[in-house]
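Close look at the chain arrangement
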Amino acid sequence: MVSGSAALPVTVMEKWQAISSHTLLERYGMTEIGMGISNPYEGERRVGAIGQPLPGVQVRLVNETDEPVPDGQPGEIQVKGPNVFLEYWQRSDATQKAFTADGWFRTGDIAVNEDGYIRMLGRDSIDIIKSGGYKISALELEEVLRIHPAVSDCSVIGVPNDEWGEVVSAVLILKDPAVSPADINSWLRERLPGYKIPRQYRIVAELPRNAMGKVTKNDLKPLFLPS
């Protein structure tokens, strides 16, 4: 039983475990690299982690200047190995931008290495919110929100803002309509530092998704446009 295509919410993994008695095998791949990182088939499948590099695959986490970051610090996942594609067909400029000078493929995904297991923080262009000088993982906030008993599902995005760069914003599906965004906000303040708390909320009946089941976060931004 395998999970891929998007980060596996801890709550989903735990529910699946309770229902099936199986621990989902979470993995990480892309069209350009095939499958590159995975929790072990035999051994600890760590909750919240995409796992470890597969045999023959080299993985490193780097900062904005392509320098490796220490364990525990966020960095972009870069991959090298025989699994990596050669080029984008007839798109030499895109191919050049996709690789470092020494041949590492830039995935654009941000993660952290925790005791040898890689934990995904999100897509740099979608899931990493740059607000007031902070880089905030939308995936981490979503994990916390899903713990709230009134939250059925959620998505966190960054909405462009002249003062802050982006404003942390949350879209919620609620089980209990009596619970308000103010209630959620107060609950979050007991669990997260102030700079991570969403500044605005919207309540919806369902989240927009693509054919793979991923939430299409760009479709949520119009919800926060001035009416």
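This text follows the structure it describes.
Residues numbered from 1 in each chain as written. Predicted model: local features only at pLDDT ≥ 70, side-chain atom pairs only at ≥ 80, totals over all residues. Heavy atoms only, no water.

Here's the deal with the overall build of the protein chain
In plain terms, the rule: Secondary structure elements follow DSSP: runs of H or I of four or more residues count as helices, runs of E of two or more count as strands, with numbering from the N terminus. The atom set for the radius of gyration is the C-alpha atoms, and the globule formula is 2.2 Å times the number of residues raised to the power 0.38. Remark: exposure states derive from per-residue accessible area (1.4 Å probe, protein chains only) relative to the maximum for the residue type, with buried under 20%, exposed over 50%, and partly exposed in between. Throughout, the Shrake-Rupley method with a 1.4 Å probe supplies accessible areas, and for residues the shown protein chains are the sole cover considered. Charged-residue counts in this description rest on Lys and Arg as positive and Asp and Glu as negative, His and the chain ends being excluded. Charged groups are reduced to one reference atom each: NZ for lysine, CZ for arginine, CG for aspartic acid, CD for glutamic acid.
Along the backbone of the protein chain there are 4 helices and 13 strands. A globule of 227 residues ought to have a C-alpha radius of gyration of about 17 Å, and the protein chain, at 18 Å, matches this closely. Principal axes of the C-alpha set define a box for the protein chain whose edges measure 55 × 50 × 35 Å. Counting only residues that meet the buried cut, the protein chain has 42% of its 227 residues in that class. Roughly 12700 Å² of accessible area belongs to the protein chain as shown, and the carbon and sulfur atoms make up 52% of that amount. Distance between charge centroids for the protein chain: 2 Å, based on 24 positive and 30 negative side chains.

Quick notes on unusual backbone geometry
Unusually for a residue other than glycine, Asp66 sits at a positive phi of about 65°. Look at Gln90: it is not a glycine, yet its phi comes out positive at around 55°. For Gln90, the location among the structural elements is in the loop between strand E6 (75-80) and helix H2 (92-98). Given a relative accessible area of 68%, Gln90 falls into the exposed group.

Quick look at the sheet that holds strand E3 (residues 34-38)
Put simply, the rule reads: Note on pairing: DSSP must find at least two bridges between two strands before they are called paired.
In space, the 4 strands of this open sheet follow the order E1-E2-E3-E4, with mixed pairing throughout. Only two strands of the sheet have a single neighbouring strand rather than two, namely strand E1 (2-3) and strand E4 (52-53). Relative to E3, strand E2 (residues 25-30) runs antiparallel, the two being bridged by 4 bridges. Across the sheet, Gly29 pairs through a bridge with Met35, a residue of E3.

Side note on the environment of Tyr88
Where we set the bar: Only heavy atoms enter the contact rule, under which two residues are in contact if any of them lie within 4.5 Å. Within 3.5 Å is the distance limit for a polar contact, defined as a pair of N or O atoms, with the added protein rule that one can donate a hydrogen and the other accept it, and that residues adjacent in sequence qualify only through two side-chain atoms.
The residue Tyr88 is located in the loop between E6 and H2 in this model. With a relative accessible area of 21%, Tyr88 lands in the partly exposed category. Between the C-alpha atoms of Tyr88 and Lys221, which are 133 residues apart in sequence, the distance is 30 Å. Apart from the residues lying within four places of it in its own chain, the contact partners of Tyr88 are Glu32, Ala94, Thr95, Ala98 and Phe105. Of note is the side chain of Tyr88, whose polar atom sits 2.7 Å from the side chain of Glu32.

What to know about the packing of aromatic side chains
To keep it simple, the criterion reads: Side-chain rings of Phe, Tyr and Trp, where Trp is taken by its six-membered ring, are said to pair if the distance between their centres is within 6.5 Å; with planes under 30 degrees apart they count as stacked, over 60 as edge-to-face, and otherwise as tilted. In this scheme, Lys NZ or Arg CZ marks a charge over a ring once it lies within 6 Å of the ring centre and within 35 degrees of the ring normal.
Evaluated as defined, the whole model comprises 5 aromatic pairs. Plain terms: the ring middles of Phe85 and Tyr88 are 4.8 Å apart, the flat faces sit at 65° to each other, and that makes the pair edge-to-face. The structure contains a cluster of three or more aromatic residues connected by ring pairs, namely Phe85, Tyr88, Phe99 and Phe105. Looking at Arg46, its charged tip hangs above the ring of Tyr117, at a distance of 4.0 Å from the centre. Over the ring of Trp164 we find Arg199, and its NZ or CZ is 4.7 Å from the ring centre.

Thoughts on helix H3 (residues 138-147)
Counting buried residues in H3 gives 7 out of 10 residues, a clear majority hidden from the surface. Buried within H3 we find Ala138, Leu139, Leu141, Glu142, Val144, Leu145 and Arg146.

Some points on the environment of Ala18
As for its placement among the helices and strands, Ala18 is situated in helix H1 (residues 10-20). The exposure class assigned to Ala18 is exposed, which follows from its relative accessible area of 65%. Remark: the alpha-carbon pair of Ala18 and Leu207, spanning 189 residues in sequence, is separated by 25 Å.

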